[in-house]
Amino acid sequence: QHGGPKQAPEGPLMPGVKAIIAVASGKGGVGKSTTTVNLALALRDMGLKVGLLDADIYGPSMPRMLGIKGEPSSSDGSRLDPMEAHGIKCMSMGFLVEEETPVIWRGPMAQTALIQMMRDVNWGDLDVLMIDMPPGTGDVQLTIAQQVPLTGAVIVSTPQDIALLDARKGLNMFRQVDVPVLGIIENMSYFKCPHCGERTDVFSHGGAKDEADLLQVDFLGEIPLDIVIRETSDGGHPIVDQNPASEHAKAYTKIAEIM
Ligand code: ADP
């Protein structure tokens, strides 16, 4: 499986897209989607044309995080137009199925759907497409790592050992198929009490930095656990869009600049 095919035989998947960055995590709930959407917005603020592909077929979260409702239509009668919010083009399984309807496909169907969300969508010209990967290292993840010409992958982890162990698996998957790992981000890195200012390392702290050193990849930065980050992303107006001058938004911007 080393260095799998980087291009499907029918030609480039998304001819107008200059760079494709996958955001991955070893397990769910570590804040991968929250990080992806905020990084996408930070790249937008740097003047880039940005798209976001929600590859989490079984648990899409981009419709909620970008505050997008409704279904995509087709202006050319054959391919779907991506939805758009906050200047970001987005495609997600969440636009195509009801919110409470479970997607119960087996691997091959999910893989096909994913390739269609690239090839059969009018992404147009983009400087960068961010892919919000499903958590873990299953079929869909491997399809993306092998068949999509990824510019690089970013790994999101919380600081505790168990999350880092899973993150390492994700990182090794990309390495095995020769996708450059751009670095690791530590999310929910610490909590600062809004009342007294005291800092608590809820999931311990610094584990991702140590892991990055160990695995010889860049440590891209840390994002604290903060209710404002949750409320803004779950409410459809992520912090980088809602309050770009805030400390947290700047943390995302710094990561976007170096990754
Ligand atoms: P994943 O994509 O890894 O499953 P999500 O991005 O969906 O994780 O995040 C899971 C939950 O945690 C969401 O409710 C999200 O708002 C919240 N969350 C993510 N990052 C943070 C953070 N740094 N501070 C507070 N809440 C966060």
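None of these values were measured; they are calculated from a predicted model.

## Let's talk about the site of the ligand
Right, on to step 1. Not every one of the 18 residues close to the ligand is listed here, only the nearest: Gly 31, Lys 32, Ser 33, Thr 34 and Arg 230.
Right, on to step 2. Mapped by element, the contributors of at least two residues to the shell around the ligand are helix 1 (32–45), strand 7 (181–192), strand 9 (219–225) and helix 7 (227–234).
Right, on to step 3. Of all the elements, helix 7 adds the most residues to the shell around the ligand, at four residues.
Right, on to step 4. Counted by class, the shell around the ligand contains five nonpolar, nine polar and four charged residues.

## So, the nonpolar core
Right, on to step 1. Counting residues in each nonpolar core, the largest one holds 74 residues, and the members touching the most others are Leu 129, Ile 131 and Ala 153.
Right, on to step 2. Leaving out residues up to four positions away in the same chain, Leu 129 has contacts with Met 14, Val 17, Ile 20, Gly 51, Leu 53 and Trp 123.

## Looking at the packing of helix 1 against helix 9 (residues 247–258)
Right, on to step 1. It is the contact of helix 1 with helix 9, at a shortest axis distance of 8 Å, that shows an interaxial angle of 70°. Classified by the interaxial angle, the pair formed by helix 1 and helix 9 is roughly perpendicular. Facing Asn 38, Leu 39, Ala 42, Leu 43 and Asp 45 of helix 1, the residues of helix 9 in contact are Tyr 252, Thr 253, Ile 255 and Ala 256.
Right, on to step 2. Residues of the contact of helix 1 with helix 9, tallied by class, amount to six nonpolar, two polar and one charged.

## Topic: the UniProt feature "binding site: ATP" (unreviewed entry) in the protein
Right, on to step 1. The feature "binding site: ATP" (unreviewed entry), as annotated in UniProt, sits at Gly 26, Lys 27, Gly 28, Gly 29, Val 30, Gly 31, Lys 32 and Ser 33 in this numbering.
Right, on to step 2. Mapped onto the fold, Gly 28 is located in the loop between strand 1 (17–24) and helix 1.
Right, on to step 3. Here Val 30 shows up in the loop between strand 1 and helix 1.
Right, on to step 4. Not counting chain neighbours up to four residues away, the residues in contact with Val 30 comprise Ser 25, Val 156, Ser 157, Thr 158, Ala 163 and Asn 187.

## Thoughts on helix 6 (residues 207–215)
Right, on to step 1. Looking only at helix 6, the buried set comprises Gly 207, Ala 208, Glu 211 and Ala 212. Viewed end-on, helix 6 has its buried residues packed into an arc of 135°, placing them on one side of the element. In helix 6, the exposed positions that point more than 90 degrees away from the buried face belong to Asp 213 and Leu 214.
Right, on to step 2. Buried residues along helix 6 sit in contact with strand 6 (152–157), helix 5 (161–176), strand 7 and strand 9.
Right, on to step 3. After helix 6 finishes, the residue Gln 216 shows a positive phi value of roughly 55°.

## Some words on the pairing of strand 7
Right, on to step 1. Burial runs high along strand 7: nine of the twelve residues are buried.
Right, on to step 2. Relative to strand 8 (residues 199–200), strand 7 is paired through two bridges, and the arrangement is antiparallel. Across the sheet, Lys 192 pairs through a bridge with Arg 199, a residue of strand 8.

Conventions and cut-offs
- Residues numbered from 1 in each chain as written.
- Predicted model: local features only at pLDDT ≥ 70, side-chain atom pairs only at ≥ 80, totals over all residues.
- Near = placed C-beta within 6 Å.
- Helix = DSSP H or I, 4+ residues; strand = E, 2+ residues; numbered from the N terminus.
- Nonpolar A, V, L, I, M, F, W, Y, C, P; charged D, E, K, R; others polar.
- Core = buried A, V, L, I, M, F, W, Y, C linked by C-beta atoms within 7 Å.
- Buried ≥ 20, exposed ≤ 12 C-beta atoms within 10 Å, placed from the backbone.
- Contact = placed C-beta atoms within 7 Å.
- Axes fitted to C-alpha atoms, helices over the stretch in contact; angles between N-to-C directions.
- Parallel < 35°, antiparallel > 145°, perpendicular 65-115°, else oblique.
- UniProt positions renumbered as here; feature names shortened; annotations may be inferred.
- Arc of directions from axis to C-beta.
- Pairing = 2+ DSSP bridges.

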